[in-house]
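Coordinate inspection notes
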Amino acid sequence: MRAVVQRVSQASVTVGDEVVGAIGQGLLILLGIGVGDSEAEARLLAEKTANLRIFADEEGRFNRSLLDIGGEALVVSQFTLYADTRRGRRPSFSDAAPPEIAAPLVDIFADELRRLGVAVSTGRFGAMMRVALVNDGPVTILLDSATFREPRNQH
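On a predicted model such as this, the values are computed, not experimentally measured, just so you know.

Looking at the pattern of salt bridges
Tallied over the entire structure, the rule returns nine salt bridges. Bridged by salt links that share partners, the residues Glu39, Arg43, Glu112 and Arg115 form one connected network.

The following block contains the structure:
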């Protein structure tokens, strides 16, 4: 499971002419579900995201999490995070989970954020969406559940 997490002062997602999700200060989370991902990855990634300390404290240091600041989350499904561009010019998406597996896992991720105490809005799975955001910082973090258990480089 992969997420692009962007710290925002506001964000929204529109389908057609309808705003289906909008938040103020918090995180825009573009979420991709890969083949083999499960509920365990969804819950782990949600916990990591909610507690990621990327908001400034009084001294301007990254010491506060989404939970600490009472921020909101906008979760938008994004299968293109699993694009394989190693060959040719057209990306392959064969590593992305099929919709019947991905959609419930996106819901589990959003529900886990809610369970942790985060106010969550979402996009509409499978729809053509327009996402608008004001990236605050800018701060953009890439998360991949496959790397959470790997040791950090010892440089």
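From this point, the discussion proceeds with the structure in view.
Some details on the packing of aromatic side chains
This structure, assessed with the given rule, holds one aromatic pair. Ring centres of Phe79 and Phe93 lie 5.0 Å apart, and the angle between their planes is 75°; this geometry places the pair in the edge-to-face category. Of this pair, Phe79 sits in the loop between strand 6 (72–77) and helix 3 (99–116) while Phe93 sits in the loop between strand 6 and helix 3, and the two are 14 residues apart along the sequence. Across from the ring centre of Tyr82, 4.1 Å away, lies the NZ or CZ of Arg2, which sits over that ring. In this structure, Lys48 packs its charged tip against the face of Phe148, placed 5.2 Å from the ring centre.

What to know about the packing of helix 1 (residues 39–51) against helix 3
Between helix 1 and helix 3, the shortest axis-to-axis distance is 8 Å and the interhelical angle comes to 40°. The orientation of helix 1 relative to helix 3 falls into the category oblique. For the crossing formed where helix 1 meets helix 3, the hand is right-handed. Residue-level inspection shows Glu39, Ala42, Arg43, Leu45, Ala46, Glu47, Thr49 and Ala50 of helix 1 in contact with helix 3, the latter providing Leu105, Ile108, Phe109, Glu112, Leu113 and Leu116.

Thoughts on the environment of Asp84
Tracing the chain through its elements places Asp84 in the loop between strand 6 and helix 3. You can call Asp84 buried: its relative accessible area is 17%. Separated by 66 residues in sequence, Asp84 and Glu18 have C-alpha atoms that sit 32 Å apart. Sequence-distant contacts of Asp84, that is, excluding residues within four places in its chain, are made with Pro91 and Ser92. Of the polar contacts made by the side chain of Asp84, one reaches the side chain of Arg86; its length is 2.6 Å.

Quick notes on the side chain of Asp37
Examined against the element boundaries, Asp37 turns out to sit in the loop between strand 3 (26–32) and helix 1. Buried and unpaired, Asp37 has no salt bridge, with Arg2 as the nearest side chain of opposite charge at 7.6 Å. A distance of 2.7 Å separates a polar atom in the side chain of Asp37 from the backbone nitrogen of Met1. The residues touching Asp37, leaving out its near neighbours within four places in the chain, are Met1, Gly32, Tyr82, Leu105 and Ser145.

Parameters at a glance
- Residues numbered from 1 in each chain as written.
- Predicted model: local features only at pLDDT ≥ 70, side-chain atom pairs only at ≥ 80, totals over all residues.
- Heavy atoms only, no water.
- Salt bridge = Lys/Arg side-chain N within 4 Å of Asp/Glu carboxyl O.
- Phe/Tyr/Trp six-rings, centres within 6.5 Å; stacked < 30°, edge-to-face > 60°.
- Helix = DSSP H or I, 4+ residues; strand = E, 2+ residues; numbered from the N terminus.
- Lys NZ or Arg CZ within 6 Å of the ring centre and 35° of its normal.
- Axes fitted to C-alpha atoms, helices over the stretch in contact; angles between N-to-C directions.
- Parallel < 35°, antiparallel > 145°, perpendicular 65-115°, else oblique.
- Left-handed = near helix turned anticlockwise from the far one by under 90°.
- Contact = heavy atoms within 4.5 Å.
- Buried < 20%, exposed > 50% of the residue type's maximum accessible area, 1.4 Å probe, protein only.
- Polar contact = N/O pair within 3.5 Å; in protein donor to acceptor, adjacent residues only side chain to side chain.
- Lys, Arg positive; Asp, Glu negative; His and termini not counted.

Take it as geometry only, folks, not as evidence of what the structure does.
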